[in-house]
Amino acid sequence: MNARLLDWFDRLGERVRRVHFAAWLTFIAAVIFVLVFGSLGVQNHRNFGTWSYDMGIYDQGFWLVSRGESFMTVRGMNFWGHHLNVIVILFVPFYWMGAGPEFLYVAQAVFLAAAAIPTYLIARDKFRTPWMGLVFAIVYLMYAPVQWISWAMFHPEAMVIAPFLFAWWFATKERWGWFFAMVVLALSMREDVALAVVMMGLVLMVYMRHAPDYRRVVRRCVGVMVLGGVWYLVATKFFLVHFNDDKEPFYVTYFYGNYGKDTFEIVRTILEHPNRVVSDAVQHDRLTFYKQLGWPLGWLPLANPLALLMALPQMLASVIGLSPYARMIKFQYTSVMIAPLMISAIHGGHTFWRFRSARVALPLWLLLCAYTTNIAWSPSPLGEDTNYLAWSQHHPRHDSLEAALTYIPDDAAVSASYQLLPHLSHRREIYDWPNPFWASVWGNDDCDHLPDPTTIDYVILDRMQIGANNMTLYNAMVKENGPFRIVFQDDSVVVAQRVGTSAEVDVRPQANSCQILALRHGAAGTG
């Protein structure tokens with residue numbers, strides 16, 4: 001046994017010694033990324049820089065699933081009706097051990113950094129030199145959209161980049177078992193990743209058309225296209241609908257209601273009125289979005305754009321959607337696009353590699369573009385101060401917020417300001433103020449599942465975030481002989497405990513908000 005163990009260590013040592021220095025530098029760069037952005041994420045949460053949407057949603061959702069439950073009171077819907085985030089299963093053991101927002105930030109940083117490894121491998125093999133692998137890995141790690149994803153709370157789809165890139169690399173090596181394993185891992189992040197997976201199968205059939213056993217390649221590619229297509233249909237037409245009260249996924253009308261009331265109508269509008277898509281695609285904010293995606297990669301994807309087809313579904317969603325955040329590099333919506341962009345950049349760069357001058361100019365061009373755009377657009381320590389300050393810094397008022405949190409019992413039902421909520425989300429009833437007293441961004445923009453406000457035990461509010469439109473409600477809560485008694489307050493924060501009930505707090509506000517929603521939906525239905 002000892003001899004076998006020694007032999008194994010010898011073989012392992014030999015393999016380590018054969019690892020190229022460029023690979024070690026890639027690994028070190030990835031570790032630095034985790035240390036920098038993991039610690040910045042922890043800092044962001046501790047300094048009250050995380051919000052109900054989306055850190056509170058996922059933290060409560062993961063915590064509930066780890067306890068065998070699934071209705072998220074932060075969002076007003078079932079976790080399994082919000083998105084299909086099967087990856088939650090891997091997080092459950094950590095939540096048993098007390099994981100929370102800080103762990104999510106670090107885990108996300110690890111997944112983002114890990115994508116540098118397949119980036120290195122893909123570029124190394126394409127250019128047949130480890131040093132170009134290192135160049136593209138550094139470009140990826142300095143990519144401003146990647147670094148902004150590290151800041152933008154936690155989102156499961158942010159972790160799709162690494163498995164997607166690994167899947168591509170394994171496919172080019174025709175290691176199909178590992179390829180499908182990475183595809184399944186990518187699909188587990190969120191349902192719309194399936195559309196990129198379908199396109200991956202199509203693109204691989206073209207890229208690998210010269211493979212010796214091309215028929216086998218085609219079978220595998222068709223297989224992954226079928227897998228992605230079936231996954232998407234089952235997720236969006238059955239699974240999410242089942243857990244969302246037999247309604248279309250909330251984001252269909254919330255983000256794309258300008259194109260139709262359901263998926264079929266949206267697709268039909270796109271096909272029948274392509275002029276609308278073109279008109280949306282050339283608006284100023286979209287052009288800025290393309291610029292901030294393309295410049296850090298030296299515009300190399302345009303030299304070999306086939307791989308961009310894998311980013312097309314998510315890009316189209318960002319272009320036509322109602323949310324302006326979907327076309328900003330500061331948010332998670334770029335996540336599914338990034339792996340295709342990197343693959344296209346690598347293949348685009350290789351287009352110029354046959355020119356001798358490119359052997360020097362290409363790496364310099366890439367590193368220059370990555371560095372300058374990182375300074376201009378990234379929240380990294382290298383970036384502009386205005387961007388870096390997006391990470392919440394300590395402020396004396398945070399001491400008051402920390403003190404206020406200690407007044408909330410672990411099992412209390414709470415309504416909280418949006419940046420206090422993620423510090424209280426490990427409970428079954430936690431609501432984003434002014435819910436449930438007034439229905440606001442709840443569920444499917446209706447009053448379904450909105451609880452009786454009398455179930456709320458405590459309200460904890462940052463005074464700066466009560467909101468002028470909610471001040472009448474707040475004053476009715478804490479007035480003399482009102483239903484809430486203030487147990488802690490200062491200039492920054494107030495904590496109030498329920499001591500009674502009143503119609504002007506517990507009945508009329510919610511009834512009025514639900515009536516407004518019903519009238520709005522009725523008007524939309526007759527329009």
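Our structure's up above, just so we're on the same page.
The rules behind these values
Residues numbered from 1 in each chain as written. Predicted model: local features only at pLDDT ≥ 70, side-chain atom pairs only at ≥ 80, totals over all residues. Heavy atoms only, no water. Helix = DSSP H or I, 4+ residues; strand = E, 2+ residues; numbered from the N terminus. Rg over C-alpha atoms; globule rule 2.2 N^0.38 Å. Buried < 20%, exposed > 50% of the residue type's maximum accessible area, 1.4 Å probe, protein only. Phe/Tyr/Trp six-rings, centres within 6.5 Å; stacked < 30°, edge-to-face > 60°. Lys NZ or Arg CZ within 6 Å of the ring centre and 35° of its normal. Disulfide = S-S within 2.5 Å. Core = buried A, V, L, I, M, F, W, Y, C linked by side-chain atoms within 4.5 Å. Contact = heavy atoms within 4.5 Å. Pairing = 2+ DSSP bridges. Axes fitted to C-alpha atoms, helices over the stretch in contact; angles between N-to-C directions.

What follows deals with the overall build of the protein. What the protein contains, in helices and strands, is 25 helices and 7 strands. A globule of 527 residues ought to have a C-alpha radius of gyration of about 24 Å, and the protein, at 25 Å, matches this closely. Oriented by its inertia axes, the alpha-carbon framework of the protein measures out at about 80 × 60 × 50 Å. Out of the 527 residues in the protein, the part that is buried amounts to 54%.

All right, on to the packing of aromatic side chains then. Tallying each qualifying case throughout the model produces 39 aromatic pairs. Here F166 and F170 contribute two aromatic rings whose centre-to-centre distance is 6.1 Å and whose plane-to-plane angle is 25 degrees, an arrangement assigned as stacked. On the criterion of helical spacing, the pair formed by F166 and F170 is a turn pair, its members being 4 residues apart in helix 10 (residues 161–172). According to the relative accessible area criterion, F166 is partly exposed, its value standing at 21%. In textbook terms, an aromatic cluster arises when at least three aromatic residues are bridged by ring pairs, as seen for Y58, F62, F79, W80, F91, F94, Y95, F103, F154, F239 and F243. The cationic tip of R276 hangs over the ring face of Y259; the distance from NZ or CZ to the ring centre is 4.3 Å.

Here we come to the state of the cysteines. Across all of its chains, the model carries 1 disulfide by this definition. Here C447 engages in a disulfide with C514; their sulfurs sit 1.9 Å apart. Taking the sign of the S-S torsion, about -105 degrees here, the bridge from C447 to C514 comes out left-handed. Here C447 is found in the loop between strand 4 (430–432) and strand 5 (458–462), whereas its partner C514 is found in helix 25 (residues 508–526), with 67 residues between them in sequence.

With 151 residues, the main nonpolar core has F136, Y140, F179 and I460 as its most contacted residues. No other element matches helix 12 (residues 193–207), which puts 10 residues into this core. Apart from the residues within four sequence positions on either side, F136 is in contact with T119, A123, F127, L300, M342, A345, I346 and L366. With 20 residues, the next largest nonpolar core counts Y431, L450, M477 and F484 among its residues.

With respect to topology, 5 strands assemble into an open sheet ordered 4-3-5-7-6, the strand pairing being mixed. Two strands lie at the open edges of the sheet, namely strand 4 and strand 6 (484–489), each paired on one side alone. Neighbour-to-neighbour, the strand axes of the sheet open up by a mean angle of 20 degrees, direction not taken into account. The pairing of strand 6 with strand 7 (residues 493–498) spans 5 bridges and is classified as antiparallel. Bridge assignment links R485 to a residue of strand 7, and that residue is Q497.

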